[in-house]
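Residue-level listing of the chains:
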Amino acid sequence: METLLYSLILFFGIASYIIGLKEMLVGKYSPSVFSRVVWLLLAIISTASVVASHSTSASVILAFVFLLGNASICIASFWKGTKETGKLEYICLGILVVSSMVWIVFNAPLVSLVISLLAHFVGAVPTYKRVWIRPSSESTGFWSLFFVASLLSIFASWGQPLSLIIFPIYFALFDGSMTFLSMRKT
């Protein structure tokens, strides 16, 4: 049963990023290169924090899918992205530096994870605003598949302390809300 759940986490998580890459290739999604580099750095610190804080195996699998997916989107953005840069990317980069310093100075990967997820949320505020105003602006497929992968990760980790499943809980809430917002009719 455990192997099946891990396989499903991989399947749904990877499928999510395949949809994201496809949308980039057909011109439906054109992210800022700088923004995607910041997201990749956040994925690196988040994944390292998940591993170092001894999170559940399902959380680690989800984090690695998140890392590989963000790396793929980042690489694709060099060809299909824009050169725009906003203040928010610098704010997220600053929070990322704080997250890294907390880990280095206090050897606190779990705290670092929470801070990096905060940076992720701050960076996503414009996406929330956009999908609130125009639900069709976001891909329900992209968000829903990672939402399912996150739920499966929580289910596979059932009974474990919350501190070991912070990563999938955050993404179940985040991607779940993006899924439902993008499904609304306007």
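Residues numbered from 1 in each chain as written. Predicted model: local features only at pLDDT ≥ 70, side-chain atom pairs only at ≥ 80, totals over all residues. Heavy atoms only, no water.

Draft legend 1. Local environment of the pattern of salt bridges. The full count for this structure, using the stated rule, is 1 salt bridge. In this structure, the salt-bridge partner of Arg130 is Glu138, at a minimum N-O distance of 2.8 Å. (Salt bridge = Lys/Arg side-chain N within 4 Å of Asp/Glu carboxyl O.)

Draft legend 2. Expanded view of the packing of aromatic side chains. In total, this model carries 17 aromatic pairs according to the counting rule given. Centroid distance Phe121 to Tyr128: 5.8 Å. Interplanar angle 55 degrees. Geometry classified as tilted. Taken together, the aromatic side chains of Tyr17, Phe66, Phe121, Tyr128, Phe142, Trp143, Phe146, Phe167, Tyr170, Phe171 and Phe174 make up a single cluster linked through ring pairs. Against the face of Trp132 rests Arg184, its NZ or CZ located 4.8 Å from the ring centre. (Phe/Tyr/Trp six-rings, centres within 6.5 Å; stacked < 30°, edge-to-face > 60°. Lys NZ or Arg CZ within 6 Å of the ring centre and 35° of its normal.)

Draft legend 3. Looking closely at the packing of helix α2 (residues 33-52) against helix α5 (residues 109-133). Close contact between α2 and α5 brings their axes to 8 Å; oriented N to C, the two are set at 150 degrees. It follows that α2 is roughly antiparallel to α5 by the angle criterion. For the pair α2 and α5, the sense of crossing is left-handed. Counting all contacts with α2, which are made through Trp39, Leu42, Ile45, Ser46, Ser49, Val50 and Ala52, the residues of α5 involved are Pro109, Ser112, Leu113, Ser116, Leu117, Ala119, His120, Gly123 and Ala124. (Axes fitted to C-alpha atoms, helices over the stretch in contact; angles between N-to-C directions. Helix = DSSP H or I, 4+ residues; strand = E, 2+ residues; numbered from the N terminus. Parallel < 35°, antiparallel > 145°, perpendicular 65-115°, else oblique. Left-handed = near helix turned anticlockwise from the far one by under 90°. Contact = heavy atoms within 4.5 Å.)

Draft legend 4. Local environment of the side chain of Ser182. Structurally, Ser182 can be placed in helix α7 (residues 166-183). Exposure remark for Ser182: the relative accessible area of 7% places this residue in the buried category. At a separation of 2.8 Å, a polar atom in the side chain of Ser182 contacts the side chain of Thr140. Setting aside anything within four residues of it in sequence, one finds Ser182 in contact with Val131, Pro135, Glu138, Ser139 and Thr140. (Buried < 20%, exposed > 50% of the residue type's maximum accessible area, 1.4 Å probe, protein only. Polar contact = N/O pair within 3.5 Å; in protein donor to acceptor, adjacent residues only side chain to side chain.)

Draft legend 5. A nonpolar patch on the surface, seen in detail. Nonpolar side chains collect at one region of the surface, where Val97, Met101, Ile104, Val105 and Phe106 lie side by side and expose about 550 Å² of accessible area between them. With respect to the helices, strands and loops of the structure, Phe106 is situated in helix α4 (residues 87-106). Residue class for Phe106 comes out exposed when judged on its relative accessible area of 63%. (Patch = residues over 30% accessible without salt bridge, like charges linked within 9 Å, V, L, I, M, F, W, Y side chains within 5 Å. Areas by Shrake-Rupley, 256 points an atom, 1.4 Å probe, with all protein chains shown as cover.)

Draft legend 6. Representation of the packing of helix α3 (residues 57-80) against α7. For the pair α3 and α7, interaxial distance at closest approach is 8 Å and the crossing angle is 60 degrees. Classified by the angle between their axes, α3 and α7 sit oblique to one another. In this structure, α3 uses Ser59, Leu62, Ala63 and Phe66 to contact α7, whose residues at the interface are Phe167, Pro168 and Phe171. Of the residues assigned to the contact of α3 with α7, the class counts are 6 nonpolar, 1 polar and no charged. (Nonpolar A, V, L, I, M, F, W, Y, C, P; charged D, E, K, R; others polar.)

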